[in-house]
Amino acid sequence: MGAELAMPFRTGKVFLGADYRVFRNMSYDGTRFGQGYALDSLGQVVTGQITRYVLGPDGLPKADGRYDSVDIRRNNLESLTLNLGYRVPFWQEGLSAHGGIHLSLLRSQQDVSGGINVVVNRNVTTPTVLGSENFFIQPVKNSITPGAFAGLRYDATRVFFLEANLSLLGFKEVNYLPFSYTGQAATTEMRNHTKVLLEFSAGFNF
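Predicted model only: the values in this text are computed from it and were never measured.

**Student:** Sorry, what's going on with the overall build of the protein chain here?
**Tutor:** In terms of regular secondary structure, the protein chain is built from one helix and 13 strands. For the protein chain, the N- to C-terminal ordering of α and β elements is β-β-β-β-β-β-β-β-β-β-β-β-α-β. Relative to the 2.2 N^0.38 estimate, which gives 17 Å for 206 residues, the radius of gyration of the protein chain is 25 Å and therefore markedly larger than a compact globule would have. Within the protein chain, the proportion of its 206 residues that are buried is 37%. A fraction of 65% describes how many contacts in the protein chain between residues 6 or more apart in sequence connect residues 24 or more apart. For the protein chain, the accessible area works out to roughly 12600 Å², and carbon and sulfur atoms hold 59% of it. Charge separation in the protein chain, taken as the distance between the mean sites of 19 positive and 17 negative side-chain charges, equals 3 Å.

Here is the structure:
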């Protein structure tokens, strides 16, 4: 969804636009199996194992009574982008090419739910549980990043157009780190990513 204001300049047009985008991802298993951390009765950090759950006939995690762990996550991203560009006639009547820079305000949210058990003696009937950590949290981080774009527009009629754009969108993705994974107080970290977007759209001139 977006809007644009354009003004003639030399052989083309200078334009200022704004776009709102929503990126929805699928849920995924983010469990870090292997070494885990827990606190003993004296408050000291001890190590054990974070072990894999089993899947039931429906493909969902199924407890087998042996203290396995699951950590389900989904990363969502929203962006409000301001575009500054220049458009010129290209090749044939009705077709134009454009390019420019953009500045994006991004909102990264991670949906996190799970239960981590840190155990020892996993292969016996009743493993020893050193610690359990359950969480349901939705950390959010905002960031502002620059980028660039280029594209083509076809004015099918005086009021209706089709457009294709290729743009680079850098963003910071929030990631939750429970105590069980690090042995330190639960926190969040930021991970840098870049999306290459190829978008097709239609719109109206007023």
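**Student:** Help me understand the nonpolar core in this model?
**Tutor:** As a rule of thumb, nonpolar side chains are buried together in soluble globular proteins. Counting eight residues, the largest nonpolar core is built from A38, I50, V112, I116, V118, F135, Y176 and Y181. Considering each element in turn, this core owes the most residues, three residues, to strand β9 (residues 95–120). When neighbours within four sequence positions are excluded, I50 is seen to be in contact with T31, R32, F33, G34, Q35, G36, S69, I116, N117, V118, S180 and Y181. Counting residues in hydrophobic clusters, the runner-up holds six residues, among them F23, L77, F171 and L197.

**Student:** Which parts of the structure should I look at to understand the pattern of salt bridges?
**Tutor:** The full count for this structure, using the stated rule, is ten salt bridges. Ionic pairing is found between E173 and R191, a salt bridge with its closest N-O pair at 3.0 Å. Here E173, found in strand β12 (residues 160–177), pairs with R191, found in strand β13 (residues 187–204); they are 18 residues apart in sequence, far enough to count as distant. Overall, the relative accessible area of 10% leaves E173 in the buried class. The class for R191 is partly exposed, based on a relative accessible area of 29%. Ionic contacts of the salt-bridge type, sharing partners, join the residues E4, R87, R153 and E163 into one network.

**Student:** Would you take a moment to explain a nonpolar patch on the surface for this structure?
**Tutor:** A surface patch of nonpolar side chains, about 650 Å² in accessible area, is lined by Y20, V22, L80, L82, L103, L105 and I144. Secondary-structure elements contributing two or more residues to the nonpolar patch are β2 (12–24), β8 (70–89) and β9. For L80, the position within the fold is in strand β8.

**Student:** Teacher, can you tell me more about unusual backbone geometry here?
**Tutor:** Across the chain, the bulk of peptide bonds are trans and the bulk of non-glycine residues have phi less than zero. Phi at R10 takes a positive value of approximately 55°, unusual for a residue other than glycine. With respect to the element layout, R10 can be found in the loop between β1 (2–9) and β2. Taking the relative accessible area as the measure of exposure, R10 reaches 77% and is therefore exposed. You will see that W91, though not glycine, has its phi angle at about 70°, which is positive. Within the element layout of this structure, W91 appears in the loop between β8 and β9.

Cut-offs applied
Residues numbered from 1 in each chain as written. Predicted model: local features only at pLDDT ≥ 70, side-chain atom pairs only at ≥ 80, totals over all residues. Heavy atoms only, no water. Helix = DSSP H or I, 4+ residues; strand = E, 2+ residues; numbered from the N terminus. Rg over C-alpha atoms; globule rule 2.2 N^0.38 Å. Buried < 20%, exposed > 50% of the residue type's maximum accessible area, 1.4 Å probe, protein only. Contact = heavy atoms within 4.5 Å. Areas by Shrake-Rupley, 256 points an atom, 1.4 Å probe, with all protein chains shown as cover. Lys, Arg positive; Asp, Glu negative; His and termini not counted. Charge placed at Lys NZ, Arg CZ, Asp CG, Glu CD. Core = buried A, V, L, I, M, F, W, Y, C linked by side-chain atoms within 4.5 Å. Salt bridge = Lys/Arg side-chain N within 4 Å of Asp/Glu carboxyl O. Patch = residues over 30% accessible without salt bridge, like charges linked within 9 Å, V, L, I, M, F, W, Y side chains within 5 Å.

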